[in-house]
Every structure is written in structure tokens, then in C-alpha cells.
Amino acid sequence: MIECLRILESVNLPAHIVAHSLQVARCAVTLARHLNNNSHRLHEDLVCAGSLLHDIAKDLSLKTGKNHAHLGAAILEQMGLSLVAPIVRDHIFLNESMLEAPFSESVVVNYADKRVKHEAIVLLDERFEDLLVRYGTTPEKKAHLQRRWKIYQALEQKLFAHTSIKPEHLAQEAAQVSWAVGHCDGSQ
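Here goes a summary of the coordinates provided.

Criteria and cut-off values
- Residues numbered from 1 in each chain as written.
- Predicted model: local features only at pLDDT ≥ 70, side-chain atom pairs only at ≥ 80, totals over all residues.
- Heavy atoms only, no water.
- Axes fitted to C-alpha atoms, helices over the stretch in contact; angles between N-to-C directions.
- Helix = DSSP H or I, 4+ residues; strand = E, 2+ residues; numbered from the N terminus.
- Parallel < 35°, antiparallel > 145°, perpendicular 65-115°, else oblique.
- Left-handed = near helix turned anticlockwise from the far one by under 90°.
- Contact = heavy atoms within 4.5 Å.
- Nonpolar A, V, L, I, M, F, W, Y, C, P; charged D, E, K, R; others polar.
- Phe/Tyr/Trp six-rings, centres within 6.5 Å; stacked < 30°, edge-to-face > 60°.
- Buried < 20%, exposed > 50% of the residue type's maximum accessible area, 1.4 Å probe, protein only.

### What to know about the packing of helix α7 (residues 105–114) against helix α9 (residues 139–160)
Taken N-terminus to C-terminus, the directions of α7 and α9 make an angle of 120 degrees; their axes are 11 Å apart at the nearest point. Here α7 is positioned oblique relative to α9, judged by the angle of their axes. α9 is crossed by α7, and the crossing has left-handed handedness. Listed contacts from α9 to Val107, Asn110, Tyr111 and Lys114 of α7 are Arg148, Tyr152, Leu155, Glu156, Leu159 and Phe160. For the contact of α7 with α9, a count of residues per class yields six nonpolar, one polar and three charged.

This is the structure in C-alpha cells:
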């Protein structure tokens, strides 16, 4: 984790994006632990690193107009973090084929990112309602977001069917995350 935070500092990522990434990491690690308790084999350090670094290029993309997921993955590849780069690349869009178990680190980080609105872990519906207000500026964009919302609702049902908690308890559980998950640096 410390190495990930150093990387974020080295790219001068704004504090609010770092705070968002910390919440995504709490959410993703909590979910990964619950899935692992039910016979899944997710690498928690990789989930943590992918979560912390998922928006590494967010600020840069706002300046360049490039896709921050692809740009972030490329930055991490250049740093030699080839295991975490695909998680960062995949954190925005969810391919419907990814809805099936066994779940990957990418799916867990992707879902966790959809549960964090700014710096707060919220319910999926609250997050997508916010996305509709902010980005549903045309009927086409609104319809696209509504389709994605349905996909994430299906993913949420499938993920939590493999845990002992309900989606509405994730924020409370995530608040108790211990960062003693190794180095959480994505290089393993």
C-alpha cells in the first residue's frame, strides 16, 4: 500500500482522487475477503493495488482528453507493474461475460469503483442516479447509463450471492478494513 501511495504522490494526483481511491480499495478488499471466504481465489494485494492505482491517470486525462483507464494501464506497464495494469485498464467498463464466477480482481475493483461516489461508499443505485444526473446529458447517454446500471445490478446480485454479507452492509464492513494485506504494491 505504501508503494502505491508513493506512486500516486509521484504523479501529483490530487488529494480528492487519492481519497476516492482509498475508499475504492477498502470496498474492493472487503469484497475480495468475503469472496475468498467462500472458496474464491482472489489475490487481495493485487485487488488493493489495482484499487489504489485505478485512477492514476485521471488528472492527466482531464488535461489530455485521453481515456484514463488506458492511459493509467500504460503508465503502470512502463513502471513494470504488469500485473496491476490490466485491472486499471478494465476498471471503467464491464463486459457482460465478466458477470460469471469465478470473479477476477478486475471485476472486484470495477464493481468497487461503482460503489464509491467521490469519497463515500454508497449503494449502487445512489451512484448510478448521480451518474445519470452528471453524464446523462442526452437521451442516448442516459439510455447507455441505464443499460450499464442494469448490468451492475446483475453483477452485484452474482457477487453477493457468494458472500455472507448484503450489498447494503459493504460500507460498514469496509470501514473496518485492516491495511495489513502485505505490501499491496502490485508487483508480486
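### Quick look at unusual backbone geometry
The phi dihedral of Asn12 falls on the positive side, at around 55 degrees, and the residue is not glycine. Residue placement: Asn12 occurs in the loop between α1 (2–10) and α2 (15–36).

### Looking at the environment of Val18
Note on placement: Val18 falls in helix α2. Residues Val18 and Ala120, spaced 102 residues apart in sequence, show a C-alpha to C-alpha distance of 12 Å. Setting aside chain neighbours within four positions, we find Val18 in contact with Leu5, Leu8 and Leu13.

### With respect to the packing of aromatic side chains
Here the structure, examined in full by the defined rule, presents three aromatic pairs. Consider the rings of Phe128 and Tyr152, whose centres lie 5.6 Å apart with planes at 35 degrees: the pair is tilted. One end of the pair, Phe128, is in helix α8 (residues 124–135); the other, Tyr152, is in helix α9, and 24 residues separate them in sequence. Each member of the pair, Phe128 together with Tyr152, is buried. Here a set of aromatic residues connected by ring pairs shows up, and it is made of Phe128, Trp149 and Tyr152.

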